[in-house]
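Each chain, letter by letter, is given below.
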Amino acid sequence: MRMSIPRALPRLALAAALGLLAAGCAGTVDAGPALAAGAASVEAAQAAGPEGIANRQLGAARAKLERAELLQRGGNGVDALRLAEQADLDAQLARATAGTERSQRSADAAQAALDALRAQLAPRPADAPAR
Amino acid sequence: MQRRPAPLVAAALAALSLLAACATLPPRDIELEDARHAVAQAADHPLAAHALPELQRAQRSLAAAEEAWAAGLPRAKTRQRAYAAQRQAEIALAVATQAQHEQRAAEAERAAMALRLQQSLRADNRYADAAARRAGR
């Protein structure tokens, strides 16, 4: 059954409005949650006491987070979201690297203590039994 | 002189086939390749089992990146997923390496403890010998 054009107009208008709404929603990206997650990861990485490589990774994460916040404020939600997600990952890596660096220092210290003990207990020429 | 074009035509056809084959190969994606390499490196770590959740996350992200690449989705999607896969693989590698350092520290501490115990037993024996000698006089 064919509908006359005047009768179809309200339906067409509704469809067009819904289409515009969907297009509008697709174009608006809220990077807020990703920015919050990134900030939390940066804070956690900072608390891990990063040094060396971890500290540089944390610096990169912070820089990305700051750029993401600027982009979000400028209305570029898509790029803000992308950078915020990257900052989150970078900060998580900084935290993991801080743990690796700390465990390496502990292992090196334990090995140095063992070497010192071995040297201390090694028989010296003066300790050799007299023949 | 009679010309023999057959070899030339065959060579031209072969060259064209080669070109066509090259043209159908997908272009390389550096981010995806880096991510594959990072995930493989993390999975190969001798203590990868200590970083299983991190490694699985990286593998899932890599699979998502591969899917985006194969489906011809916008390149930004592949790159973002590959970035996640690479970072997660690096996190897995860091966790596995941390476990390795912790094992090394524990082994050194055990060896030091064993040495101290050995030294203490030797000292005890020396005292016992000296006491026995004094008693025998």
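Residues numbered from 1 in each chain as written. Chains lettered and ligands numbered in written order. Predicted model: local features only at pLDDT ≥ 70, side-chain atom pairs only at ≥ 80, totals over all residues. Heavy atoms only, no water.

1. Examining the interface of chain B and chain A
Point 1. If you look at the interface, chain B gives 21 residues, while chain A gives 23 residues.
Point 2. For the pair chain B and chain A, the summed buried area comes to about 1900 Å², and 68% of that belongs to carbon and sulfur atoms.
Point 3. If you look at where chain B meets chain A, you find 2 salt bridges.
Point 4. The interface formed by chain B and chain A includes 8 residue pairs in polar contact (both at pLDDT 80 or more).
Point 5. Here the side of chain B that touches chain A is built from residues that sort into 9 nonpolar, 6 polar and 6 charged. (Contact = heavy atoms within 4.5 Å. Buried area = accessible area lost by both parts, 1.4 Å probe. Salt bridge = Lys/Arg side-chain N within 4 Å of Asp/Glu carboxyl O. Polar contact = N/O pair within 3.5 Å; in protein donor to acceptor, adjacent residues only side chain to side chain. Nonpolar A, V, L, I, M, F, W, Y, C, P; charged D, E, K, R; others polar.)

2. Remarks on the confidence of the model for chain A
Point 1. The pLDDT averaged across chain A works out to 85; a share of 75% of its residues lies at or above 70.
Point 2. For the stretch residues 19-26 of chain A, pLDDT sits under 50, and the model shows 0 contacts to residues farther than four places along the chain or on other chains. (pLDDT = per-residue confidence, 0-100.)

3. A closer look at the environment of Ala31(A)
Residue and element names in this part refer to chain A.
Point 1. Relative to the assigned elements, alanine 31 resides in the loop between α1 (5-27) and α2 (32-47).
Point 2. When its relative accessible area of 0% is taken as the criterion, alanine 31 is described as buried.
Point 3. Separated by 55 residues in sequence, alanine 31 and glutamine 86 have C-alpha atoms that sit 12 Å apart. (Helix = DSSP H or I, 4+ residues; strand = E, 2+ residues; numbered from the N terminus. Buried < 20%, exposed > 50% of the residue type's maximum accessible area, 1.4 Å probe, protein only.)

4. Notes on α2(A)
All names here are of chain A.
Point 1. Between its first and last C-alpha, α2 extends 23 Å over 16 residues, near the 22 Å set by a 1.5 Å rise per residue.
Point 2. Turning to α2, its buried residues are Ala34, Leu35, Gly38, Ser41, Val42 and Ala45. The buried residues of α2 occupy an angular sector of 125° when the element is viewed end-on, so they sit on one face. α2 presents Pro33, Glu43 and Ala47 as exposed residues on the side facing more than 90 degrees away from its buried surface. (Expected span 1.5 Å × (residues − 1). Arc of directions from axis to C-beta.)

5. Describing the side chain of Glu54(B)
Residues and elements named next belong to chain B.
Point 1. Mapped onto the fold, glutamate 54 is located in helix α3 (residues 52-70).
Point 2. Although glutamate 54 is buried, it makes no salt bridge; arginine 57 carries the closest opposite charge, 4.5 Å away.
Point 3. Discounting chain neighbours no more than four positions away, the residues touching glutamate 54 are Gln88, Ile91, Ala92 and Val95. (Lys, Arg positive; Asp, Glu negative; His and termini not counted.)

6. Quick look at helix α2 (residues 30-44) of chain B
Residues and elements named next belong to chain B.
Point 1. In a regular helix each residue adds 1.5 Å, so 15 residues correspond to 21 Å; α2 covers 21 Å between its end C-alpha atoms and thus fits that length.
Point 2. Along α2, the residues classified as buried are Leu32, Ala35, Ala38, Val39 and Ala42. Down the axis of α2, the smallest arc covering the buried residues is 125°, so these residues share one side. In α2, the exposed residues that point more than 90 degrees away from the buried face are His37 and Asp44.

7. With respect to the pattern of salt bridges
Point 1. Overall, the coordinates contain 10 salt bridges over all chains when judged by the stated rule.
Point 2. We note a salt bridge from Arg87(B) to Asp90(A), for which the minimum N-O separation is 2.7 Å. Of this pair, Arg87(B) sits in helix α4 (residues 75-136) while Asp90(A) is found in helix α4 (residues 77-121), placing the two residues in two different chains. Each member of the pair, Arg87(B) as well as Asp90(A), is classed as buried.
Point 3. We note a salt bridge from Glu90(B) to Arg87(B), for which the minimum N-O separation is 2.7 Å. Placement of the pair is Glu90(B) and Arg87(B) together in helix α4, with a separation of 3 residues, close to one helical turn.
Point 4. Overall, Glu90(B) belongs to the partly exposed group, its relative accessible area being 24%.

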